[in-house]
Amino acid sequence: MSSFDAIIPTQANAVKSSGSPPEYKSSTKKFEVFDAALRVLLFATALVAIIVMATSKQTKVFTLLPGMTVLVVAKFDQSPAFIYFVAALSVACLYSIITVVLSILASMKKGGDTSNLHFYFMMFDVLLLGIVASATSAAGGVAYIGLKGNSHTGWAKICNVYGSFCFHVAASIVLSLISSITLLLLVWLSIYVLFKKITRR
Amino acid sequence: METQYKDVEVVNRGSSFNGKDLTLRFLALTLTLIAAVLLGVDKETTTVAITLVPSLPPVDLPVTAKWTHMSAFVYFVIANAISCTYAATSLIVILATSGKNKLASLVIIILDIVMVALLFSAVGATSSIGLIGYKGNSHVHWDKVCNVFNKFCHQVAIAVFLSFAGSITYLLLIVISALKLHKKF
């Protein structure tokens, strides 16, 4: 019985599924493993994004007059958008740890009924997807202005001066984009599992 | 055993979408449409007094603020336009198939989640740029502009709020879909 049949249920499909409970349990096992793997990926990318953003501090020496030097520092906490980015990704990190544990515990449970868990996962995953997506784009917006500047408002670009800082920020944003795509895949997985449970009956 | 199956089949053949779903989709359509239009027509021209030479009186220079000046605002308008179009299309698809097509329902739920992420990201980007425009950033010497362009900034704030309400509406749509998928079990 291919998984294609489950998406578009027919009368014949419903009658066929009456005699195959073991196959149903093993196919859910595959999804549990995939679910746990995606959550580990989410944890990894969120953690690395936070670390890369937090270690992005760069100091530059400017010579105003001969003999008078000024140290100017670029740090992530000088912009509220980057602070929000770090906060949102640490929430995602903590959430991924909790749900990895829950997912592995559910996959070890005898019985194979994980629809309740996937229902709750779906709710919180969508909420977290919104938060991580907004954090990514907030940091991305500020970083884009830092990269290109804005002539209409008179905001000068800083990435020509602080190259390493900008590189750290860019890498961090790419990693959090991967996190949000991972969360999207997790929600799709939960929907597919819930949908299969209906159509298998 | 056979009669049990017959009961479940009758339930499964029913409509996947009800009135709450359609109302929420229509609400999302209007909210994102108004948000996109509000920012899309946002333009303000004021004069700024600039002193070129200290001995001469200050010269009045006209300055314009348009939404196309900021790439985050362009992204906001495009994202809201996409989600408005999607809300209209999904509304038409649901009404046309009367919610009976399972594949269409699944695709609509999948795309709803993509719309949540898109709208949340648009709100995040625009509000972070708006915050810089409102307060400035002393560390990078980016001056605030909202003291000059008051009306422009207010319109941006209202559009962001409406788009945020639209994204919450999409979130509620996902919640309703999840409840429907779970209760059938």
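So, here is what we can say about the structure in this document. Note that this is a predicted model, so its numbers are computed, not measured.

So, helix α4 (residues 102-135) of chain B
Along an α-helix, a turn takes 3.6 residues, which lines up residues three or four apart on a common side.
Residue and element names in this part refer to chain B.
Thought 1: Taking 1.5 Å of rise per residue, 34 residues should cover 50 Å, and α4 covers 50 Å from first to last C-alpha, within 8% of that figure.
Thought 2: Its side-chain oxygen placed 3.4 Å from the backbone nitrogen of L103, N101 serves as the N-cap of α4.
Thought 3: Immediately beyond the C-terminal end of α4, within one or two residues, lies G136, with a positive phi of roughly 75 degrees.

Some details on the packing of aromatic side chains
In this description, a pair of aromatic rings is defined by centroid distance and the angle of the planes.
Thought 1: Counting across every chain of the model gives 7 aromatic pairs over all chains.
Thought 2: Geometrically, the ring pair formed by A:F31 and A:Y192 is edge-to-face, given 5.4 Å between the ring centres and 75 degrees between the ring planes. Residue A:F31 is located in helix α3 (residues 21-54), and its partner A:Y192 is located in helix α6 (residues 163-199); the two are separated by 161 residues in the primary sequence.
Thought 3: Seen from their ring centres, B:F120 and B:F164 are 6.1 Å apart, and the 90 degrees between their planes marks the pair as edge-to-face. You can see B:F120 sitting in helix α4 and its partner B:F164 sitting in helix α5 (residues 150-183), a full 44 residues away along the chain.
Thought 4: Accessibility expressed as a relative area gives 9% for B:F120, which makes it buried.
Thought 5: The partly exposed category is assigned to B:F164, whose relative accessible area is 35%.
Thought 6: The ring of A:F121 carries A:R39 above its face, with NZ or CZ at 3.9 Å from the centroid.

With respect to the state of the cysteines
As used here, a disulfide is simply a covalent bond connecting the sulfur atoms of two cysteines.
Thought 1: One pass over the full model with this rule turns up 2 disulfides over all chains.
Thought 2: Between A:C159 and A:C166 runs a disulfide, and the two sulfur atoms are separated by 1.7 Å. The sign of the -85 degrees torsion about the S-S bond sets the A:C159-A:C166 disulfide as left-handed. Like A:C159, the residue A:C166 is buried in the burial classification.
Thought 3: Two residues share a disulfide in this structure: B:C146 and B:C153, whose sulfurs sit 1.8 Å from each other. Of note, the bridge from B:C146 to B:C153 carries an S-S torsion of about -85 degrees and is left-handed in sense.
Thought 4: Given the relative accessible area of 18%, B:C153 is considered buried.

Digging into helix α3 (residues 71-97) of chain B
Thought 1: For α3(B), spanning 27 residues, the distance from its first C-alpha to its last is 39 Å, which sits close to the expected 39 Å at 1.5 Å a residue.
Thought 2: Count one or two residues on from α3(B) and you reach B:S98, which has phi positive near 55 degrees.

Some remarks on the interface of chain B and chain A
Thought 1: Taken residue by residue, the interface counts 42 residues in chain B and 45 residues in chain A.
Thought 2: Between chain B and chain A, roughly 4100 Å² of surface is buried when both sides are summed, and carbon and sulfur atoms account for 77% of that area.
Thought 3: Viewed at the interface, chain A and chain B are joined by 0 salt bridges.
Thought 4: Viewed at the interface, chain A and chain B are joined by 8 residue pairs in polar contact (both at pLDDT 80 or more).
Thought 5: Those elements giving two or more residues to the side of chain B that touches chain A turn out to be α1 (2-12), α4 and α5 of chain B.
Thought 6: Examining the composition of the side of chain B that touches chain A, we find that 19 residues originate from one element, α4(B), more than from any other.
Thought 7: Its residues assigned to classes, the side of chain B that touches chain A shows 27 nonpolar, 10 polar and 5 charged.

Cut-off values and rules
- Residues numbered from 1 in each chain as written.
- Chains lettered and ligands numbered in written order.
- Predicted model: local features only at pLDDT ≥ 70, side-chain atom pairs only at ≥ 80, totals over all residues.
- Heavy atoms only, no water.
- Helix = DSSP H or I, 4+ residues; strand = E, 2+ residues; numbered from the N terminus.
- Expected span 1.5 Å × (residues − 1).
- Polar contact = N/O pair within 3.5 Å; in protein donor to acceptor, adjacent residues only side chain to side chain.
- Phe/Tyr/Trp six-rings, centres within 6.5 Å; stacked < 30°, edge-to-face > 60°.
- Buried < 20%, exposed > 50% of the residue type's maximum accessible area, 1.4 Å probe, protein only.
- Lys NZ or Arg CZ within 6 Å of the ring centre and 35° of its normal.
- Disulfide = S-S within 2.5 Å.
- Contact = heavy atoms within 4.5 Å.
- Buried area = accessible area lost by both parts, 1.4 Å probe.
- Salt bridge = Lys/Arg side-chain N within 4 Å of Asp/Glu carboxyl O.
- Nonpolar A, V, L, I, M, F, W, Y, C, P; charged D, E, K, R; others polar.

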